[in-house]
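Here are the chains, one letter per residue:
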Amino acid sequence: MKLSPDETIFWQHGFVTINLTIVTTWAIMLLLVIGAKLITRKLQTGLRISRWQCVVEMIVTTINEQIKEVGLDNPGKYIGFIGTLFLFIGVSNLCIIFPGYEPPTGSLSTTTALAISVLLAVPFFGIAEGGIGGYLKTYLQPTWIMLPFNLISEITRTLALAVRLFGNIMSGGMIVAILLSISPFIFPVIMNVLGLLTGMVQAYIFSILATVYIAGAVQVKKTK
Amino acid sequence: MKINWFTVIAQVINFLILVWLLKKFLYKPVLEAIDAREKKIVARLEDAKKKKDEAKKEQEDFAEKNKQFDAQKKELMDKAIADANVQKDKLMADAKAAVDALQTKQQKSLADMQATLKRDLAQKTQQEVFSISRKVLTDLSSVDLEEQTAKLFISRLEQLTPEEKQAFIDAFKKDTKSVLIQTAFELHKKQQTAIKKAVDEILGKETEFEFKTAPEIISGIELSANGYKLAWSISAYLDSLQSNISATIKHNVAPAPETKKTPGQKPAAIKEQAPDIAAEPEKK
């Protein structure tokens, strides 16, 4: 039994491997980009808008509001990163309703990649907001003694992000697979529904935590 | 459950590409559309507010204008009523004046008629009274009465005042040949002599006398010569009385001075005067 879609390899040439994770990710990327393009192709600025535009606007404005609630005053600047995190994880997890689909978020490589993206995004936004000195000073807060703990916290929270998402999604898929061998009818459907819920919750948790970390880096400068 | 580092790198790159693509195709246009719509809504709301303000202002203007129109209407109505009242008063006054004029004219003609009637009545009454008197006295006249008349005539001659006597003498002295004495009945010789004597005494000379009877005298004596006439007769009395009464009637029956009537006076006042016309002859 394959625990990760990484193990399904389509093409390999030395270090370069094209596995199911990457292919599924491309498919999801394509889906998202084409969907976005189709919907935003004829955006209306009037009072009457299409249903799809309404849905998209609702999603975008909700993400915007969430970012604002966490404490980032200029959500337009962060929505590209945080919104994409949410949409990619969310769509990846929602697609489990398709039979034979293996979510790329169920691969530790993907979740690690996302966690590393967050790890890199935190200093990126922090430096963009308060300069490199301002950002580095956040590691000395509240005192320089905290520096090792702050560094450890950077590493561990990234690890936690990666493992939390991977564990949840992988276990969801695993449970369904195990249950299918035990009782093939009805029960796996309920577990699948739970899997959908977990997937959305994880997407939310992942993106909101990323927001919190970025806000932490940005806010320090402001509170000074 | 191991990490494939190539996959990790590939996924990071994939994710960054996806971020860029979604930013370009999703977030940016959607957020721009939302902003544009918000701007439109704000503009519309502002426009609506502006229009509302304008409408309110116009409503206030209209209310003000309505108020002004009402005031003007009231003013015009008041003026029209006042004009109508003035016109009414004028017409009423004209009508009253016309009525008064007509009334006055009527009263005048009535008064004229009354006066004419009075005069006619008075003349008629006078004529009747005199004709009756004349007839009664003619019936009563006799020789005996003539005697008494002669006596009275003589005593009157004797009682003449010196001025009268002088006037008498002046009248008869001049170139008088005969004195005419007229009576209703023929006088006795004795009476004729007494008269002659009395006259001669006054004149102081003897004069010729001619005695005539004239029944129209009714009763009395008339003495005439050279146009002078001294008489005592009932006819003369009656004539004198008639001329006096005629003068009095003319004076009294002259149209009464007009009485100025107030417009409200009843026409009945004219009727109330009517009995006077009938009463007039009796008073005289």
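The rules behind each value
Residues numbered from 1 in each chain as written. Chains lettered and ligands numbered in written order. Predicted model: local features only at pLDDT ≥ 70, side-chain atom pairs only at ≥ 80, totals over all residues. Heavy atoms only, no water. Helix = DSSP H or I, 4+ residues; strand = E, 2+ residues; numbered from the N terminus. Buried < 20%, exposed > 50% of the residue type's maximum accessible area, 1.4 Å probe, protein only. Contact = heavy atoms within 4.5 Å. Lys, Arg positive; Asp, Glu negative; His and termini not counted. Charge placed at Lys NZ, Arg CZ, Asp CG, Glu CD. Buried area = accessible area lost by both parts, 1.4 Å probe. Salt bridge = Lys/Arg side-chain N within 4 Å of Asp/Glu carboxyl O. Polar contact = N/O pair within 3.5 Å; in protein donor to acceptor, adjacent residues only side chain to side chain. Nonpolar A, V, L, I, M, F, W, Y, C, P; charged D, E, K, R; others polar. Phe/Tyr/Trp six-rings, centres within 6.5 Å; stacked < 30°, edge-to-face > 60°. Pairing = 2+ DSSP bridges. Axes fitted to C-alpha atoms, helices over the stretch in contact; angles between N-to-C directions. Domains from an automatic or database assignment. Patch = residues over 30% accessible without salt bridge, like charges linked within 9 Å, V, L, I, M, F, W, Y side chains within 5 Å. Areas by Shrake-Rupley, 256 points an atom, 1.4 Å probe, with all protein chains shown as cover. Parallel < 35°, antiparallel > 145°, perpendicular 65-115°, else oblique. Left-handed = near helix turned anticlockwise from the far one by under 90°. Core = buried A, V, L, I, M, F, W, Y, C linked by side-chain atoms within 4.5 Å.

When you go through chain A residue by residue, the secondary structure sums to six helices and two strands. For chain A, the succession of helices and strands along the chain, N to C, is β-β-α-α-α-α-α-α. Overall, the C-alpha framework of chain A stretches about 60 × 50 × 40 Å when taken along its three principal axes. Here chain A holds 224 residues, and the buried ones make up 45% of them. Counted over contacts in chain A with a minimum sequence separation of 6, partners at least 24 positions apart contribute 66%. Taking the average place of the 14 positive charges on the side chains of chain A and the average place of its 9 negative ones, the gap between the two points comes to 8 Å.

It is worth spelling out the interface of chain A and chain B at this point. With 48 residues of chain A in contact, the opposing surface of chain B contributes 32 residues. Summed over both partners, the interface of chain A with chain B buries about 3600 Å², with 77% contributed by carbon and sulfur atoms. Inspection of the chain A/chain B interface yields one salt bridge. In this structure, the salt-bridge partner of Arg 37 of chain B is Glu 57 of chain A, at a minimum N-O distance of 2.2 Å. Linking chain A to chain B there are nine residue pairs in polar contact (both at pLDDT 80 or more). With ten residues, helix 1 (residues 20-41) of chain A is the single largest residue contributor to the side of chain A that touches chain B. Among the residues making up the side of chain A that touches chain B, the classes are represented as 26 nonpolar, 18 polar and four charged.

Here we take up the packing of aromatic side chains. The tally for this structure, following the rule as stated, stands at seven aromatic pairs over all chains. Residues Phe 81 of chain A and Phe 15 of chain B carry aromatic rings whose centres are separated by 5.6 Å and whose planes lie at 85° to one another, so their mutual orientation is edge-to-face. With one member in each of two chains, Phe 81 of chain A in helix 3 (residues 75-94) and Phe 15 of chain B in helix 1 (residues 5-140) form a pair that bridges those chains. Comparing Phe 81 of chain A with Phe 15 of chain B shows no difference in burial state: the two are buried.

A word on the pattern of salt bridges. Residue and element names in this part refer to chain B. Using the criterion set out here, one finds eleven salt bridges over all chains in the structure. Note that Lys 79 and Asp 83 form a salt bridge whose closest N and O atoms lie 3.7 Å from each other. Of this pair, Lys 79 and Asp 83 both sit in helix 1, four residues apart, which is roughly one turn of the helix. On the accessibility criterion, Asp 83 (43% relative accessible area) is partly exposed.

Residue and element names in this part refer to chain B. Taken in spatial order, the four strands make up an open sheet running 2-1-3-4, and their pairing is mixed. Either end of the sheet is taken by a strand with one partner, and the two such strands are strand 2 (208-213) and strand 4 (228-233). In this sheet, adjacent strand axes meet at a mean angle of 15° when their direction is disregarded. Pairing of strand 1 (residues 178-183) with strand 3 (residues 220-225) involves four bridges; the strand directions are antiparallel. Each bridged residue has a counterpart across the sheet, and for Ile 181 the counterpart in strand 3 is Leu 223. Together, strand 1, strand 2 and strand 3 form the strand contacts of helix 4 (residues 189-203), whose direction differs from that of strand 2 by roughly 135°.

Our next topic: the domain arrangement of chain B. The domain boundaries assigned to chain B delineate domain 1 (1-117) and domain 2 (141-251). Measuring from the centre of the C-alpha atoms in domain 1 of chain B to the corresponding centre in domain 2 of chain B gives 119 Å.

So, about a positive patch on the surface. Judged by side-chain charge, Lys 37, Arg 41 and Lys 42 of chain A together with Lys 24 and Lys 28 of chain B come together as a positively charged surface patch. When residues of the positive patch are traced back to their parent elements, those giving at least two are helix 1 of chain A together with helix 1 of chain B. In this fold, Lys 42 of chain A is placed in the loop between helix 1 and helix 2 (51-70). The class for Lys 42 of chain A is exposed, based on a relative accessible area of 58%.

A pair of packed helices is characterised by two quantities: the angle between their axes and the separation of those axes. Taken N-terminus to C-terminus, the directions of helix 4 (residues 108-137) of chain A and helix 1 of chain B make an angle of 55°; their axes are 8 Å apart at the nearest point. In terms of axis orientation, helix 4 of chain A runs oblique to helix 1 of chain B. Helix-helix and strand crossings are classified by hand; for helix 4 of chain A and helix 1 of chain B the assignment is right-handed. Seen from helix 4 of chain A, the contacting residues are Ser 109, Thr 110, Thr 112, Ala 113, Leu 114, Ile 116 and Ser 117 of chain A; seen from helix 1 of chain B, they are Trp 5, Thr 7, Val 8, Gln 11, Val 12 and Phe 15 of chain B.

Our focus in this paragraph is the nonpolar core. Core analysis: the largest hydrophobic core is formed by 55 residues, its most contacted members being Phe 81, Leu 85, Val 118 and Ile 214 of chain A. For this core, the elements supplying multiple residues, two or more each, are helix 1, helix 2, helix 3, helix 4, helix 5 (147-182) and helix 6 (187-223) of chain A together with helix 1 of chain B. Here this core takes eleven residues from helix 1 of chain B, the largest share from any one element. The contact partners of Leu 85 of chain A, leaving out residues within four places of it in the chain, are Leu 114, Val 118, Phe 206, Ser 207 and Ala 210 of chain A together with Phe 15 of chain B. Ranked by size, the runner-up nonpolar core spans 21 residues in total, among them Phe 168, Ile 195, Leu 203 and Trp 232 of chain B.

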